[in-house]
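The lines below spell out each chain.
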Amino acid sequence: MSKRPAIYKRRPVQIGAAILAIPVLLLAWWLGSPLLIDDVVNEPFPRAAMAVIPDGMSADEVEEAMIEAETVDIPAYEDMPEMSTTASTLAPPTNATSVTVTTEAVTDQEPTGAGDPSTTTSATTEEQPTETVNPSTTTSAAEADPEPQPRVPVPLVTGPLMDGDSFHQGSGQVTLYRLEDQTHLIRLEDIEVTNGPDLHVLLTPIHGLGSRADLQAAGYVDLGPLKGNIGSQNYPVPADYRIPDELTLVIYCVPFRVVFATAELA
């Protein structure tokens with residue numbers, strides 16, 4: 001009876017190792033590739049935050065409508081005809097008001113009174129009636145129908161993005177805005193953060209964050225995944241979140257539980 005070569009005995013082991021290596025390699029790529037690849041995201045400030053929300057529409061619907069309007073080509077206006085100025089347009093009107101006053105007086109007699117027929121005064125006045133306008137009843141169009149004023153976001157607190165440690169670094173500006181509808185928005189402006197796997201944007205009610213233990217002890221609210229490690233982004237704050245006296249934004253790596261960057265807002 002012939003024996004099978006050793007290579008055939010090792011083949012199942014090699015196939016099993018290859019099968020196990022595939023998920024390991026995928027996990028290693030998911031964890032390590034962000035360190036090699038930058039993700040650039042540049043969001044403008046929300047358009048709806050600068051507009052008046054009509055009745056029956058939500059802020060998201062206004063945002064979509066304004067984005068769609070920006071893509072519509074508006075035809076250029078044709079040149080208006082030039083206005084010609086002639087002598088006829090500058091001539092005075094033909095129905096000008098004329099005033100004629102005729103006075104006949106008898107000087108050889110003394111006046112005997114207002115009703116004395118010896119003194120005759122006649123006056124003929126031809127005038128067009130004029131209409132008296134009461135200035136108190138005049139209202140300008142701007143006062144009668146004022147245009148709605150655009151909403152102005154109010155910056156409440158702001159601070160620079162700082163390094164989490166010597167390896168995990170961050171820069172840029174972070175600002176908390178209050179919108180006209182009393183909601184809040186976090187704006188990350190021109191940031192650059194060391195990239196990493198599954199980075200999230202957190203808010204914690206303390207300053208002087210020293211470690212992950214401080215973050216866990218203070219508690220936090222998660223605004224969602226970081227959209228890009230480079231650029232400018234917006235993050236709505238939950239409506240039921242009460243803004244604390246001390247507020248810190250944290251860029252946090254969920255798988256490794258590492259603080260990548262912080263910004264103390266004051």
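Residues numbered from 1 in each chain as written. Predicted model: local features only at pLDDT ≥ 70, side-chain atom pairs only at ≥ 80, totals over all residues. Heavy atoms only, no water.

Student: Got a minute to help me understand the sheet that holds strand β9 (residues 221-225) in this structure?
Tutor: Within a sheet, neighbouring strands are paired by backbone hydrogen bonds and run either parallel or antiparallel to one another. Reading across the sheet, the five strands line up as β5-β12-β11-β8-β9 and stay open at both edges, with antiparallel pairing between neighbours. Strand pairing shows two members of the sheet lacking a second neighbour, β5 (162-163) and β9, which therefore form its edges. Examined bridge by bridge, strand β8 (residues 199-204) and β9 share four bridges and lie antiparallel to one another. Note on β9: the bridge partner recorded for His200 is Pro225. (Pairing = 2+ DSSP bridges. Helix = DSSP H or I, 4+ residues; strand = E, 2+ residues; numbered from the N terminus.)

Student: Would you take a moment to explain the sheet that holds strand β10 (residues 230-237) for this structure?
Tutor: Taken in spatial order, the five strands make up an open sheet running β1-β10-β7-β6-β4, and their pairing is mixed. Here the strands that pair on one side only, and so sit at the sheet edges, are β1 (40-42) and β4 (154-160). Each strand of the sheet is rotated relative to its neighbour by a mean of 25°, with strand direction disregarded. Relative to β10, strand β7 (residues 184-193) is paired through seven bridges, and the arrangement is antiparallel. Note that in β10 the partner of Glu192 across the bridge is Ile230. (Axes fitted to C-alpha atoms, helices over the stretch in contact; angles between N-to-C directions.)

Student: Mind showing me how you'd approach the nonpolar core here?
Tutor: One recurring pattern in soluble globular proteins is that nonpolar side chains are buried together. The biggest cluster of nonpolar side chains holds 24 residues, and the ones touching the most others in it are Ile186, Leu188, Leu203, Leu249 and Ile251. Broken down by secondary-structure element, the contributors of at least two residues to this core are β6 (170-178), β7, β8, β9, β10, β11 (247-253) and β12 (258-265). Once residues within four sequence positions are removed from consideration, Leu203 is found in contact with Ile186, Gly219, Tyr220, Val221, Leu223, Val237, Tyr241, Leu247, Thr248 and Leu249. Core analysis: the next-biggest nonpolar cluster, separate from the first, contains six residues, Leu202, Leu209, Val250 and Tyr252 among them. (Core = buried A, V, L, I, M, F, W, Y, C linked by side-chain atoms within 4.5 Å. Buried < 20%, exposed > 50% of the residue type's maximum accessible area, 1.4 Å probe, protein only. Contact = heavy atoms within 4.5 Å.)

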